Amino acid sequence: MGKLTIRDVTVGEGTPKICVPMVGDTLDKLLEEADYLQNLEIDLVEWRVDFFQLVEDLEAVKHALVEVRKRLQNIPLIFTFRNAREGGEKEVTKELYFKLNKAVAETKQIDLLDIELFSGEKTVTDLIKVAHANGVKVILSNHDFEKTPPKEEVVSRLRKAQDLGADLPKIAVMPRDAKDVLILLEATLEMKNNYANRPIISMSMAGEGVISRVAGELFGSAVTFGAAKKASAPGQVGVKELQKVLDLIHRNLP
């Protein structure tokens, strides 16, 4: 599938890389989280800025980002505003969404920018250009909290993200039963074997989907999300438990 190196982390080789979200709603809470995360065995950190009380104040966001970046030192940082329609804490206008992501990419304080696939093609392509011009990699993501689409649709969305220029195409879907989890895993494997020329991220959410969060090395998902103190999505496993299971699977694969 190809590899992607971010600072000292190479996504797409070995065990899936563990990413932990920061969800503090104030700067003090974010800095507490950042200090705590430095003591965990993790590969990436995601700042879920939709939890931040001052998210609509671009200067406050940029100030917080500088302080968080100092605390995280060399840990790769993902910047994510998740709209409510895709499971986030709030909804903002398209204009603010664009301005926020553009301003943060231009600070060059982040390593990856998460852009929602269905933000509108012009918004997506313009933000990808801004990110890449500033040395920032792009996760192009889609989250369906209502259902698991058919396998062909899951593959189609991952391929669309790749075709638009995502460095890491990502999809997360909600299962209603075990068959839905199999759909996600089969779609991931098909993408990996037939279409992907770069690492991809996929997961089935909630309790039923936990298997997808630990089986990425086998099926093709290169990053998994774990919880440190508070989960940012249903089904996230604690980091220490997650690491043990990932290591167990890795040791038993050929």
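What counts and what doesn't
- Every residue gets a number counted from 1 within its own chain, in the order that chain's sequence is written.
- Owing to the predicted nature of the model, reporting of local features is limited to residues with pLDDT of at least 70; listing and counting of side-chain atom pairs is limited to 80 or more, with chain, interface and lining totals taken over all residues.
- Heavy atoms from the whole structure form the basis of all side-chain values; hydrogens and water molecules are not counted.
- UniProt positions are given in the numbering used here, feature names are shortened, and annotations may be inferred rather than shown by experiment.
- Labels follow the DSSP assignment, with helices taken as runs of H or I lasting at least four residues and strands as runs of E lasting at least two, numbered in each case from the N terminus.
- Interaxial angles span 0 to 180 degrees and are taken between N-to-C directions of axes, which are lines fitted to C-alpha atoms, for helices over the stretch in contact.
- Relative orientations are named as follows: roughly parallel for angles under 35 degrees, roughly antiparallel for angles over 145 degrees, roughly perpendicular for angles from 65 to 115 degrees, and oblique for any other angle.
- Crossing handedness: left-handed means the near helix sits turned counterclockwise from the far one by under a right angle, and right-handed means the same turn made clockwise.
- Contacts are residue-level and defined by heavy atoms, with any inter-residue pair within 4.5 Å sufficient.
- Residue type decides the class: Asp, Glu, Lys and Arg count as charged, Ala, Val, Leu, Ile, Met, Phe, Trp, Tyr, Cys and Pro as nonpolar, and the leftover types, Gly among them, as polar.
- A 1.4 Å probe that fits but cannot get out identifies a cavity on a 1 Å grid over protein atoms alone, an open set with protein on both sides within 12 Å along at least five of seven lines counts as a pocket, and a residue lines either if it has an atom within 4 Å of a point.
- Grid points are joined across faces, edges and corners, and a volume is the space filled by probe spheres set on the points.
- The nonpolar core is taken to be a set of buried Ala, Val, Leu, Ile, Met, Phe, Trp, Tyr and Cys residues, with the residues joined through side-chain atoms within 4.5 Å.
- Categorising residues by exposure relies on relative accessible area from a 1.4 Å probe, with only protein chains included: less than 20% of the type maximum marks a residue as buried, more than 50% marks it as exposed, and the intermediate range marks it as partly exposed.
- By this definition, two strands are paired if DSSP reports at least two bridges between them.

- Under an unreviewed UniProt entry, the name given to the protein chain is 3-dehydroquinate dehydratase, and the organism recorded is Oceanobacillus halophilus.
- What UniProt states about the protein chain under its Function (unreviewed entry) heading is, verbatim, "Involved in the third step of the chorismate pathway, which leads to the biosynthesis of aromatic amino acids. Catalyzes the cis-dehydration of 3-dehydroquinate (DHQ) and introduces the first double bond of the aromatic ring to yield 3-dehydroshikimate."
- Taken verbatim from the UniProt record of the protein chain, the Subunit (unreviewed entry) comment is "Homodimer."

**Side note on the environment of Asp247**
Okay, so step 1: With respect to the element layout, Asp247 can be found in helix α9 (residues 239-252).
Okay, so step 2: Between the C-alpha atoms of Asp247 and Thr15, which are 232 residues apart in sequence, the distance is 7.2 Å.

**Things to note about the packing of helix α1 (residues 27-37) against helix α2 (residues 58-72)**
Okay, so step 1: Their axes nearest at 9 Å, the elements α1 and α2 cross at an angle of 20°. One element, α1, and the other, α2, form an angle in the roughly parallel class. The hand of the α1/α2 crossing is right-handed. In this structure, α1 uses Leu27, Leu30, Leu31, Ala34 and Asp35 to contact α2, whose residues at the interface are His63, Ala64, Glu67, Val68, Arg71 and Leu72.
Okay, so step 2: When the residues that make up the contact of α1 with α2 are grouped by side-chain class, the tally is seven nonpolar, one polar and three charged.

**Points about empty space enclosed by the protein**
Over the atoms, a rolled probe matching the size of one water molecule traces out where space is still vacant.
Okay, so step 1: By the definition in use, this model includes three cavities of 30 Å³ or more.
Okay, so step 2: Counted as a void, the second largest cavity has a volume near 40 Å³.
Okay, so step 3: Lining the second largest cavity, in full, are Ile6, Val11, Leu44, Ile78, Leu112, Ile139, Leu168, Ile201, Val223 and Phe225.
Okay, so step 4: Within the lining of the second largest cavity, the residues separate by chemical class into ten nonpolar, no polar and no charged.

**Some thoughts on the nonpolar core**
Generally speaking, soluble globular proteins have nonpolar side chains that are buried together.
Okay, so step 1: In terms of nonpolar packing, the biggest core is built from 49 residues, with Met22, Trp47, Val49, Phe79, Ile115 and Leu140 touching the most fellow members.
Okay, so step 2: Sequence-distant contacts of Leu140, defined by excluding residues within four places in its chain, comprise Ile115, Glu116, Leu117, Val124, Ile128, Ala161, Leu164, Ala166, Leu168, Pro169 and Lys170.
Okay, so step 3: Residues Cys19, Ile78, Leu168 and Met174 belong to the second largest nonpolar core, which totals 19 residues.

**Some words on the layout of surface pockets**
Okay, so step 1: Quantified by volume, the largest pocket comes out at close to 200 Å³.
Okay, so step 2: Of the residues assigned to the lining of the largest pocket, the class counts are three nonpolar, seven polar and four charged.

**Brief notes about the sheet that holds strand β7 (residues 137-144)**
Okay, so step 1: Read across the open sheet, the nine strands follow the order β9-β8-β7-β6-β5-β4-β3-β10-β11; overall the sheet is parallel. Here the strands that pair on one side only, and so sit at the sheet edges, are β9 (201-204) and β11 (237-238).
Okay, so step 2: With four bridges joining them, strand β8 (residues 168-173) and β9 adopt parallel strand pairing. Paired with Ala172 across the strands is Met203, a residue of β9.
Okay, so step 3: Contacts from helix α5 (residues 151-164) reach β7, β8 and β9, with the element oriented near 155° to β8.

**A look at the environment of Val173**
Okay, so step 1: Along the polypeptide, Val173 turns up in strand β8.
Okay, so step 2: Spatially, the C-alpha atom of Val173 lies 19 Å from that of Val20, the residues being 153 residues apart in sequence.
Okay, so step 3: Setting aside chain neighbours within four positions, we find Val173 in contact with Asp144, Lys147, Thr148, Pro149, Leu184, Met203, Ser204 and Met205.

**Regarding the UniProt feature "active site" (unreviewed entry) in the protein chain**
Okay, so step 1: UniProt marks His143 and Lys170 with the feature "active site" (unreviewed entry), using the numbering shown here. Across 28 residues, the annotated set stays spatially compact, with a maximum C-alpha separation of 8.5 Å.
Okay, so step 2: Apart from residues no more than four positions distant in its own chain, His143 is found in contact with Arg82, Glu86, Lys170 and Ala172.
Okay, so step 3: If you trace the backbone, Lys170 turns up in strand β8.
Okay, so step 4: According to the relative accessible area criterion, Lys170 is buried, its value standing at 6%.
Okay, so step 5: Residue contacts for Lys170: discarding those within four places in its chain leaves Arg82, Asp114, Ile139, Leu140, Ser141, Asn142, His143, Leu158, Ile201, Met203 and Phe225.

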